[in-house]
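Listed here are the chains, written in short residue letters.
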Amino acid sequence: MDNDSLVTIPIVIHVIFGDEDQNVDDERLLGQIRRLNEDFRRLNPDTALTPALFKDVAADTKVEFCLAEIDPWSESTKGITRTQTFVNEIGLTQRYWQSALGGQDAWDQNRYLNIWVCEIVEDGSIAGFAEAAKMEPAGAEGIVIDYRYFGILTSGMSSFGGGRTLTHETGHWLGLSHIWGVETGCAIDDGIEDTPLQLDRYRGCPTYPQQSCGSEDMFMNFMDLTDDACMNLFTEGQKERMRRVLFTFKPNLWIQDLCENPTTSSLSPDLQRMHLFPNPTRGHLRISLGNLTLNHRIQIRNLQGQMLSYRQLDEGISISDFPPGLYLLTLETGDQSKTFKIIKTD
Ligand SMILES: [Zn+2]
């Protein structure tokens, strides 16, 4: 995997609500995913606020996110589950990630990023937390965000109403520490080379510049604790760390094509909605066609570019007779085409 290819992570959001107030609507969920994508792709509207000193290290992580369109049972989905619960402050308990205890079981964490949106503490004093991505995920792996901090809010928790609690927690999920390190002090770093040493966290919206440990502080980094309106970058070093976690621990998370980010895709909606599953496969592939008709053709090639199959599009395709390995399946419709990587296993 070259270090700068675009990778897309499928998300499932589990909304766990007591009263309707906590049942965050689809529109706010979508707005939140849009903000997450902007921040990770450095397409956020406030990049101009990054100080000149840090502009060179500000990164487009080339990681983006989309709501899953195929669920673990190979059915189509919006990538959102909704569960009513009678457990108060469920985010503080070990129940939120367990259906049998009033929460919602995670979807396979090696295939999806799970985000639970629920009440963490009644007084709203905890905005969110993350359980870091691992090769062997714990049941709770993923991100929990209090419903009052999820999405772009126009009133209420204004300091953290910009949707950046999720940006910050996604950084933690992908292995990032806080910008000042795991503890306060100048001897403790965050392990990232291009983020300056910093004594402690910042809160609110400090005026620039601020100094500690002999250098200017990057308090506008997404991994500090400043207000949403006052943070605006990840660095190249943080990008590298996050991508390494992703490629090392989650090889099946980004390769499987369970959805496409609608904000950056140039494909027609029909092609965007076309998906292959299961992937990896032992031989039989299903294709979700959406509105596509069957009078298109597909080609399957190996990585050397050799054409192995050229046939009519169908809802089911067998590649059982291919040796295990990586293949490319391309569908062409008019002037657009979409190519899938398929992993054939034994
Ligand atoms: Zn944090």
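Our subject is the structure that appears above.
Residues numbered from 1 in each chain as written. Predicted model: local features only at pLDDT ≥ 70, side-chain atom pairs only at ≥ 80, totals over all residues. Heavy atoms only, no water.

Undergrad: Please clarify how the overall build of the protein chain should be interpreted in this entry.
TA: Helices and strands together make up the secondary structure of the protein chain, namely five helices and 15 strands. Relative to a compact globule of 346 residues, whose C-alpha radius of gyration would be 20 Å, the protein chain shows 21 Å and is just as compact. When the backbone C-alpha atoms are referred to their principal axes, the protein chain occupies close to 65 × 50 × 35 Å. Within the span of the protein chain, comprising 346 residues, buried residues form 52% of the whole. Restricting to contacts in the protein chain with at least 6 residues of sequence separation, those with at least 24 account for 62%. (Helix = DSSP H or I, 4+ residues; strand = E, 2+ residues; numbered from the N terminus. Rg over C-alpha atoms; globule rule 2.2 N^0.38 Å. Buried < 20%, exposed > 50% of the residue type's maximum accessible area, 1.4 Å probe, protein only. Contact = heavy atoms within 4.5 Å.)

Undergrad: How do you make sense of helix α4 (residues 236-249) when you look at a structure like this?
TA: The periodicity of an α-helix, 3.6 residues per turn, causes residues three or four places apart in sequence to face the same way. The end-to-end C-alpha distance of α4 is 20 Å, a good match for the 20 Å that 14 residues give at a rise of 1.5 Å each. Residues of α4 that are buried in the fold lie against β1 (7-17), α1 (26-40), β2 (63-67) and α3 (164-173). (Expected span 1.5 Å × (residues − 1).)

Undergrad: Help me out: how do you make sense of the pattern of salt bridges in this one?
TA: Here the idea is simple: oppositely charged side chains can pair when their charged atoms come close. The final tally for this structure, using the stated rule, is 13 salt bridges. In this structure, the salt-bridge partner of aspartate 146 is arginine 148, at a minimum N-O distance of 2.8 Å. Judged by relative accessible area, arginine 148 falls into the buried class, the value being 16%. Among the charged side chains, a network of salt bridges with common partners joins Asp4, Lys62 and Lys239. (Salt bridge = Lys/Arg side-chain N within 4 Å of Asp/Glu carboxyl O.)

Undergrad: I'm lost on the side chain of aspartate 190 in this one. Help?
TA: In this structure, aspartate 190 sits in the loop between α3 and β7 (211-212). Despite its burial, aspartate 190 pairs with no opposite charge; the closest candidate is arginine 241, at 7.1 Å N-O. Within the structure, aspartate 190 has its side chain in polar contact with the backbone nitrogen of isoleucine 192 (distance 3.0 Å). Separated by 2.6 Å, the side chains of aspartate 190 and threonine 195 make a polar contact. (Lys, Arg positive; Asp, Glu negative; His and termini not counted. Polar contact = N/O pair within 3.5 Å; in protein donor to acceptor, adjacent residues only side chain to side chain.)

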